[in-house]
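Residue strings, one per chain:
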Amino acid sequence: MMRAAYSRLLFLILLLGLPIAYSAQWLHYPTAGVPRKPDRSPNLTAPAPRLSDGKPDFSGIWHTARLIPCTPDGNKFIDCGTEIGGSPLALDLGTDMPGGLPYQPWAAALVKERKADHGIDDPHVRCLPDNPPRPWVMPHLVKAVHTPRLLVLLYEVNAMYRQIFVDGRPLPADPNPSWNGYSTGKWEGDTLVVQTNGFRDDLWIDMAGSPMSEAATMTERMRRPNYGSLELEITINDPKTYTRPWTVKMTQHIELDTELIDEVCLENEKSYQRLQSIRPKK
Amino acid sequence: MMMRISKICLSLTLFVTAVPALAHHSFAAEFDASKPVKLTGSVTKVEWENPHVWFYIDVKDPSGKTVNWGVEMGSPNGLMRVGWDRKTMKTGDVVTVEGSRAKDDSNNANARVVTLASSGKRLFAASSQGQPGQGQQ
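Position labels on residues start from 1 in each chain and follow its written sequence. Just so you know, chain letters begin at A and ligand numbers begin at 1, following the order they were written in. Two thresholds apply to this predicted model, a pLDDT of at least 70 for residue-level local features and 80 or more for giving and counting side-chain atom pairs, whereas whole-chain, interface and lining totals are computed over all residues. Hydrogens are left out, water is left out, and the side-chain values use all remaining heavy atoms of the structure.

Caption draft 1: Quick peek at the state of the cysteines. Residue and element names in this part refer to chain A. By definition, disulfides here are pairs of cysteine sulfur atoms that lie within 2.5 Å. Here the structure, examined in full by the defined rule, presents 1 disulfide over all chains. Between the sulfur atoms of cysteine 127 and its disulfide mate cysteine 265 the distance is 2.0 Å. Measuring the twist about the S-S bond at about -55°, one finds the cysteine 127-cysteine 265 disulfide to be left-handed. In this pair, cysteine 127 is assigned in the loop between α3 (105-116) and β2 (142-147) and cysteine 265 in the loop between β11 (246-254) and α4 (271-277), connecting sequence segments 138 residues apart. Grouping residues by exposure puts cysteine 127 and cysteine 265 together as buried. Secondary structure counts use DSSP, requiring at least four H or I residues in a row for a helix and at least two E residues in a row for a strand, with both numbered from the N terminus. Exposed residues in this analysis have more than 50% of their type's maximum accessible area, buried residues have under 20%, and partly exposed residues fall in between, with area computed by a 1.4 Å probe over protein chains only.

Caption draft 2: Spotlight on the pattern of salt bridges. Residue and element names in this part refer to chain A. Take a side-chain nitrogen of Lys or Arg and a carboxyl oxygen of Asp or Glu: if they are within 4 Å of each other, that pair is a salt bridge. Counted under the stated rule, the structure contains 14 salt bridges over all chains. Between glutamate 259 and lysine 143 there is a salt bridge whose closest N-O contact spans 2.9 Å. Linking glutamate 259 in the loop between β11 and α4 with lysine 143 in strand β2, this pair joins segments that are 116 residues apart in sequence. Three or more residues are tied together by salt bridges with common partners; here these are Asp201, Glu214 and Lys240.

Caption draft 3: Inspection of the pairing of strand β3 (residues 150-155) of chain A at higher detail. Residues and elements named next belong to chain A. Criterion used throughout: strands pair if DSSP finds at least two bridges between them. Looking at chain direction, β2 and β3 are connected through 6 bridges and run antiparallel. Along β3, the bridge assignment pairs histidine 146 with leucine 151. Remark: 2 residues form the turn of the hairpin made by β2 and β3, two consecutive strands paired antiparallel.

Caption draft 4: Quick look at the pairing of strand β2 (residues 54-60) of chain B. Residue and element names in this part refer to chain B. With respect to burial, β2 is a largely interior element, 5 of its 7 residues being buried. By the bridge criterion, 5 bridges tie strand β1 (residues 31-47) to β2 in an arrangement that is antiparallel. Bridge pairing in β2 links serine 42 to aspartate 58. Adjacent in sequence and paired antiparallel, β1 and β2 are bridged by 6 residues. As defined by bridge partners, β2 adjoins strand β3 (residues 66-72) across 7 bridges and the pair is classed as antiparallel. Residue pairing across strands places isoleucine 57 opposite tryptophan 69, the latter belonging to β3.

Next up, the structure:
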């Protein structure tokens, strides 16, 4: 009896709710639970939300906070007056480092060649996955869905995902190489320290073509200092490619009142073949 | 009043959530910023697809011959976030495109600005112009 009443109630809710859901524009759908200032604007400096276990909750839609500056000599890859910018780190993760990334000689030569080619062999151009840490710096949205034992990152591009297990499991000892690698996290206070291994060989980590090999391990230190931002400190240790481990810092900003809209690159990709035919002469 | 508030809210939302869409390839690899083009013509086809929206327009060259140009814009989701949708431009619309020509001198261009002749409305295509945090070049 109780069950039948519950079913009827559920049906009624669905019946009433569906037309609203269908008419809503998720592109501008209000985000729930946003802390507000007295004037009702979002309070981005409010404390970060917490998970049921008391740890910071990283859930939200995140977007790289630094935009490519529009200067005449900004970069060779994207003319910001013509293309839309993202983080300068998307172009070169060594942007903030004096002397740039500490490449091994072979890697420096390869990057020089890739830059001269305007990165036309970039896996991203061929619609292949954006391996970590690239999604953190590309101007596409990243949605974090966080539970106490699992952090899932959803990406718009190619409708991809990444899983970070916070359940105590060890990293795999002899992993099958993969685009995302294998990630586990442990809390140090309010900072989630994520370790990743098991990458494929010769991944690109920026548009300059900086390589990352299967020998690489990555450490991401993630913290949410307030509601509106997620701070990341990413260390790559890849002795095959770099002369020393190096670290890059970045901040993600929360994107409110919107949703992911998938962007499946192979739908109508037509640049790669053309780019190959006009490859710069050496 | 409700309509007015909705419009204000929409404007604010567009402003706040204007998330740029990076090309999936290097602009400089395919297009030449030193070859600006301004084309006016009738839309013959719109490909509202990833990774870039392409549309095609019939343009009369100086000799009066009709030439079909292909024009690249940003990704559909990036364009949606700055106010476009799949019905913004339709076959038969007359548009003016300002942008950069393909490096190989083919009849292809990357759009910076698209103006719809029917409404005179200037729409921003793949440009960063007018977006928060972006200066002008």
